[in-house]
Amino acid sequence: MAKGVAAALTASLVLLTALGAGAFNCPVVIKQAEDLIRKAENAKIGAETRPLLDEARKLVAEARDHHAGARTKRDHADAVRKAKFAVALAEEVLVLQLP
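Predicted model only: the values in this text are computed from it and were never measured.

### A few points about the nonpolar core
One finds Ile37, Leu53, Val60, Ala86 and Val93 to be the most contacted residues of the largest nonpolar core, which totals 24 residues. Put simply, the parts of the chain that give this core at least two residues each are helix H2 (25-41), helix H3 (50-68) and helix H4 (73-95). Top contributing element to this core by residue count: H4, with nine residues.

### Points about the confidence of the model for the protein
Here the protein averages 83 in pLDDT, while 76% of its residues score no lower than 70. Segment residues 5-9 is flagged for pLDDT under 50; beyond a separation of four residues in sequence, or across chains, it makes zero contacts in the model. Contacts from residues 15-21, a stretch scored under 50 in pLDDT, to residues over four places away or in other chains number zero contacts.

### Section: the pattern of salt bridges
Inspection of every chain in the model, using the stated rule, returns nine salt bridges. Across the pair Glu34 and Arg64 runs a salt bridge whose closest N-O atoms are separated by 2.8 Å. Of this pair, Glu34 sits in helix H2 while Arg64 sits in helix H3; the two residues are 30 residues apart in sequence, bridging distant segments of the chain. For Asp78, the salt bridge is made with Arg81, and the minimal N-O distance between the two is 3.0 Å. Placement of the pair is Asp78 and Arg81 together in helix H4, with a separation of three residues, close to one helical turn. Residue class for Asp78 comes out buried when judged on its relative accessible area of 13%.

### Describing the packing of H3 against H4
Where H3 contacts H4, the two axes come as close as 8 Å, and the packing angle between them is 160°. Put simply, H3 runs roughly antiparallel to H4. The interaxial crossing formed by H3 with H4 has left-handed handedness. In contact with Leu52, Leu53, Glu55, Ala56, Leu59, Val60, Glu62, Ala63, His66 and His67 of H3, H4 contributes Asp75, His76, Asp78, Ala79, Lys82, Ala83, Phe85, Ala86, Leu89, Ala90, Glu92 and Val93. When the residues that make up the contact of H3 with H4 are grouped by side-chain class, the tally is 13 nonpolar, three polar and six charged.

Criteria and thresholds
- Residues numbered from 1 in each chain as written.
- Predicted model: local features only at pLDDT ≥ 70, side-chain atom pairs only at ≥ 80, totals over all residues.
- Heavy atoms only, no water.
- Core = buried A, V, L, I, M, F, W, Y, C linked by side-chain atoms within 4.5 Å.
- Buried < 20%, exposed > 50% of the residue type's maximum accessible area, 1.4 Å probe, protein only.
- Helix = DSSP H or I, 4+ residues; strand = E, 2+ residues; numbered from the N terminus.
- pLDDT = per-residue confidence, 0-100.
- Contact = heavy atoms within 4.5 Å.
- Salt bridge = Lys/Arg side-chain N within 4 Å of Asp/Glu carboxyl O.
- Axes fitted to C-alpha atoms, helices over the stretch in contact; angles between N-to-C directions.
- Parallel < 35°, antiparallel > 145°, perpendicular 65-115°, else oblique.
- Left-handed = near helix turned anticlockwise from the far one by under 90°.
- Nonpolar A, V, L, I, M, F, W, Y, C, P; charged D, E, K, R; others polar.

Following this line, the structure appears as structure tokens:
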């Protein structure tokens, strides 16, 4: 019985920790996007990838604004989504860089 209660408490603690971790995810993803954008800016990029980099910069700025003014979980989710999309665009720029 005591082992069952201990297992249930441990599972509850793990679940609550996992749920709470999402609330602090915005700055981490935004920082990751900024780092990749900086790396892409230093790469040899062509004219076809310049718009991708510009869009990534715009999205990371929007993500920062969403995070700063976040009132609900939805606002934080929007910030994370935009930052992740900026990460994807910056990674695409790095893949398409000139030799």
